[in-house]
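Listed below, chain by chain, are the residues.
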Amino acid sequence: TDTLNGGWMYRFAFDDKPISAKYVASLYWAFSTLTTVGYGDITARTPQEQIYSMIMMLLGVSWYAYVVSSMSTIMNTFDAQNKAIRDKLICVNTFIRSAKLPR
């Protein structure tokens, strides 16, 4: 088999490794892609490094999701407060018009 054109399995000598190492490497690729971490110049090579990297990617993505969710909740709270104020002002304006109070 041509080692240059045989794909990543041959390029990184995975053809003679156990199925567990291939599975971990495949998961590592998927995690790196889906978490948009990328592949960079320094990558995890051993299965242990890849598992550790995947755990750190999950923690990083979870933290990012928590921060974005918290900010969204804060902004939603501000919007709810503004809506309550607008509703009260509409009620006051309606009362002023119905009572024909001077401006």
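Residues numbered from 1 in each chain as written. Predicted model: local features only at pLDDT ≥ 70, side-chain atom pairs only at ≥ 80, totals over all residues. Heavy atoms only, no water.

Q: Is there a simple way to explain the overall build of the chain in this structure?
A: For the chain, the count of helices and strands is three helices and zero strands. Starting at the N terminus and walking to the C terminus, you meet the elements of the chain as α-α-α. By the compact-globule yardstick of 13 Å for 103 residues, the chain is too spread out, its C-alpha radius of gyration being 28 Å. In terms of overall dimensions, the chain has a C-alpha envelope of 90 × 25 × 25 Å along the principal axes. Per-residue burial for the chain yields a buried fraction of 12% across its 103 residues. In the chain, the proportion of contacts linking residues at least 24 apart, taken out of those at least 6 apart, comes to 33%. When the accessible surface of the chain is totalled, it reaches about 8,600 Å², and 66% of it is carbon and sulfur. (Helix = DSSP H or I, 4+ residues; strand = E, 2+ residues; numbered from the N terminus. Rg over C-alpha atoms; globule rule 2.2 N^0.38 Å. Buried < 20%, exposed > 50% of the residue type's maximum accessible area, 1.4 Å probe, protein only. Contact = heavy atoms within 4.5 Å. Areas by Shrake-Rupley, 256 points an atom, 1.4 Å probe, with all protein chains shown as cover.)

Q: Got a minute to help me understand the pattern of salt bridges in this structure?
A: If charged atoms from side chains of opposite charge come close, those side chains can pair. A complete count under the given rule lists one salt bridge for this structure. A salt bridge links Lys83 to Asp87; its shortest N-O distance comes to 3.0 Å. Here Lys83 pairs with Asp87, and both are found in helix α3 (residues 47-99), just four residues apart, close to one helical turn. Residue classification places Lys83 among the partly exposed positions, given a relative accessible area of 46%. Classification of Asp87 by relative accessible area gives partly exposed; the value is 35%. (Salt bridge = Lys/Arg side-chain N within 4 Å of Asp/Glu carboxyl O.)

Q: Could you clarify how one ought to interpret the environment of Phe31 in this entry?
A: Take Phe31: it is sitting in helix α2 (residues 19-34). You can call Phe31 partly exposed: its relative accessible area is 23%. Remark: the alpha-carbon pair of Phe31 and Gln50, spanning 19 residues in sequence, is separated by 9.8 Å. Excluding anything up to four places from it in sequence, Phe31 contacts Met54, Met57 and Leu58.

Q: Just checking my understanding: could you explain α2 for this structure?
A: Each α-helix turn comprises 3.6 residues. Residues three or four places apart therefore point the same way. Taking 1.5 Å of rise per residue, 16 residues should cover 22 Å, and α2 covers 22 Å from first to last C-alpha, within 8% of that figure. Within α2, burial applies to Ala21, Lys22, Val24, Ala25, Tyr28 and Ser32. For α2, the arc enclosing every buried residue in end-on projection is 165°, short of the 170-degree limit, so these residues lie on one face. For α2, exposure combined with an orientation more than 90 degrees from the buried face picks out Ile19, Tyr23 and Leu34. Along its buried surface, α2 packs onto α1 (8-11) and α3. (Expected span 1.5 Å × (residues − 1). Arc of directions from axis to C-beta.)

Q: What should I look at first to understand the nonpolar core in this one?
A: Note that soluble globular proteins tend to have their nonpolar side chains buried in a common cluster. Core analysis: the biggest nonpolar cluster contains five residues, these being Val24, Tyr28, Ala44, Met54 and Met57. Elements with a contribution of two residues or more to this core: α2 and α3. (Core = buried A, V, L, I, M, F, W, Y, C linked by side-chain atoms within 4.5 Å.)

Any functional reading would require information that these geometric values do not contain.
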